[in-house]
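Examining the three-dimensional arrangement
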2 protein chains.
Amino acid sequence: MRTSSMLEQLMEALRCLPGVGPKSAQRMAFHLLQRNRKGGLQLAEALSQAMTEIGHCDQCRTFTEQDTCHVCTNPKRQANGQICVVETPADIAAIEATGQYSGRYFVLMGHLSPLDGIGPSDIGLDLLDYRLSIGDVEEVILATNPTVEGEATAHYIAQLCKAHGVNASRIAHGVPMGGELELVDGTTLSHSLLGRQKL
Amino acid sequence: MRTSSMLEQLMEALRCLPGVGPKSAQRMAFHLLQRNRKGGLQLAEALSQAMTEIGHCDQCRTFTEQDTCHVCTNPKRQANGQICVVETPADIAAIEATGQYSGRYFVLMGHLSPLDGIGPSDIGLDLLDYRLSIGDVEEVILATNPTVEGEATAHYIAQLCKAHGVNASRIAHGVPMGGELELVDGTTLSHSLLGRQKL
Ligand SMILES: [Zn+2]
Ligand SMILES: [Zn+2]
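Residues numbered from 1 in each chain as written. Chains lettered and ligands numbered in written order. Predicted model: local features only at pLDDT ≥ 70, side-chain atom pairs only at ≥ 80, totals over all residues. Heavy atoms only, no water.

If you look chain A up in an unreviewed UniProt entry, it shows as Recombination protein RecR from Vibrio algivorus. Quoted straight from UniProt, the Sequence similarities (unreviewed entry) entry for chain A says "Belongs to the RecR family." Looking at the Function (unreviewed entry) heading of the UniProt record, one finds this comment for chain A: "May play a role in DNA repair. It seems to be involved in an RecBC-independent recombinational process of DNA repair. It may act with RecF and RecO." (UniProt positions renumbered as here; feature names shortened; annotations may be inferred.)

Before going further, it helps to examine the coordination of the zinc ion (ligand 1). When four donors bind a metal tetrahedrally, each ideal donor-metal-donor angle is 109.5 degrees, and when six bind octahedrally, the ideal angles are 90 or 180 degrees. All names here are of chain A. In the first shell of the zinc ion (ligand 1), the protein supplies Cys57 (SG), Cys60 (SG), Cys69 (SG) and Cys72 (SG), at 2.3 Å from the metal. Around the zinc ion (ligand 1) sit four donor atoms, and with donor-metal-donor angles ranging over 106 to 118 degrees the site reads as tetrahedral. Positions of the donor residues of the zinc ion (ligand 1) along the chain correspond to the pattern C-x2-C-x8-C-x2-C. Cysteine 69 gets classed as buried once you look at its relative accessible area, which sits at 4%. (Donors = N, O, S within 2.8 Å, 3.2 Å for Na, K, Ca; no water. Tetrahedral: all angles 85-135°; square planar, octahedral: opposite > 155°, others 65-115°. Buried < 20%, exposed > 50% of the residue type's maximum accessible area, 1.4 Å probe, protein only.)

What follows deals with the UniProt feature "zinc finger region: C4-type" (unreviewed entry) in chain A. Residues given the UniProt feature "zinc finger region: C4-type" (unreviewed entry) here are residues 57-72 of chain A. For residues 57-72 of chain A, helix accounts for 0% and strand for 12%, while the C-alpha atoms at its two ends are 8 Å apart. (Helix = DSSP H or I, 4+ residues; strand = E, 2+ residues; numbered from the N terminus.)

All names here are of chain B. Distances from the zinc ion (ligand 2) to its protein donors, Cys57 (SG), Cys60 (SG), Cys69 (SG) and Cys72 (SG), fall at 2.3 Å. One can describe the donor arrangement at the zinc ion (ligand 2) as tetrahedral, given that its four donor atoms subtend angles of 105 to 119 degrees at the metal. For the zinc ion (ligand 2), all donor residues lie on one chain, and their spacing in sequence is C-x2-C-x8-C-x2-C. On the criterion of sequence distance, the pair formed by cysteine 57 in the loop between strand S1 (55-56) and strand S2 (63-64) and cysteine 69 in the loop between S2 and helix H4 (75-79) is long-range, its members being twelve residues apart. Overall, the relative accessible area of 3% leaves cysteine 57 in the buried class.

A few words now on the sheet that holds strand S6 (residues 167-170) of chain A. Residue and element names in this part refer to chain A. The strand order S4-S3-S5-S6 describes an open sheet built from four strands, whose pairing is parallel. Where the open sheet ends on each side, the last strands, each with one partner, are strand S4 (104-107) and S6. For this sheet the average axis-to-axis angle between neighbouring strands, irrespective of direction, equals 25 degrees. Its contacts with the sheet put helix H6 (residues 125-134) on strand S3 (82-86), S4 and strand S5 (139-142), and the angle it makes with S4 is roughly 150 degrees. (Pairing = 2+ DSSP bridges. Axes fitted to C-alpha atoms, helices over the stretch in contact; angles between N-to-C directions. Contact = heavy atoms within 4.5 Å.)

Set out below in structure tokens:
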């Protein structure tokens, strides 16, 4: 019976966004209604398109509305024999932002987690297995997160590479550049000592 | 030529929300795509409905998709002869949350600001003038913000009430309840001294 139901529905719907509670949802709804209805309509359109049309790349599993993503279809990326394995599409964005990598990717969309019932095929390792079998991959760079699950996943994929005779490497972990030694946690520091390189 | 254009459009569109920068937009987009496409579609629908169908109440100017809002059409609210004047619909939400007020509202959707060319008719004072002329209003409670513009607007409306022989009152300003005196700014403290009440 409330006349404001459409506004309440909007506030409720905005809360599906991560980090948005009742207060921010209200602020967002009023902001759009008062100042930017055009922006609100564009957001509605972009959301509805993205949610229905974006799927996964058939080569690397990242998000794309095409069958194959623009990285996988890039001939220069194909000529480079490297594949960088990451947990999420956001990790690709971070690596691309460095401008230091020109190979292809493979997105697990998660990591191995036996306790949650997430096994190799749930993170696309059957597809990765197939890609390694084709013979155009020279090196697999394992860039999963430095967590227990990420390490275990990297280890599992390294075994897979070994079975295919493909080199596997793990990105370096240690004291962040520009970070202060005394502020780094003990595990990272131990890791950085063990992983020291000769000068 | 980028295959990820639909994702980029979504991230760009999300930035129309207040407080959402490139990083949060990316986090929101990935979150919806990975975990809550249904929520994303519901948000698209709620946004598109709200942006096209929500207008202003013909009595109090608050947001509603009806001609007249649920507060203005409530007979109990009408029987109460009070009208509380606020700057934004968010202020109504704050006052309603106290549970202490059972009259009607009038939303200015801003305040007088001659330098920005915002005069009486831009904040609906012609409509308020008409409502005061009908004769069913006994008291106008001025709850505009305690800013220079809010005070000037309250003063202007008080004159309007006087012309119609309607009582006008201003909500009390002073030290917030539960606040510590030493943390309150000087203007507020002066105001609270001048506005002292006999015990
Ligand atoms: Zn791809
Ligand atoms: Zn109303």
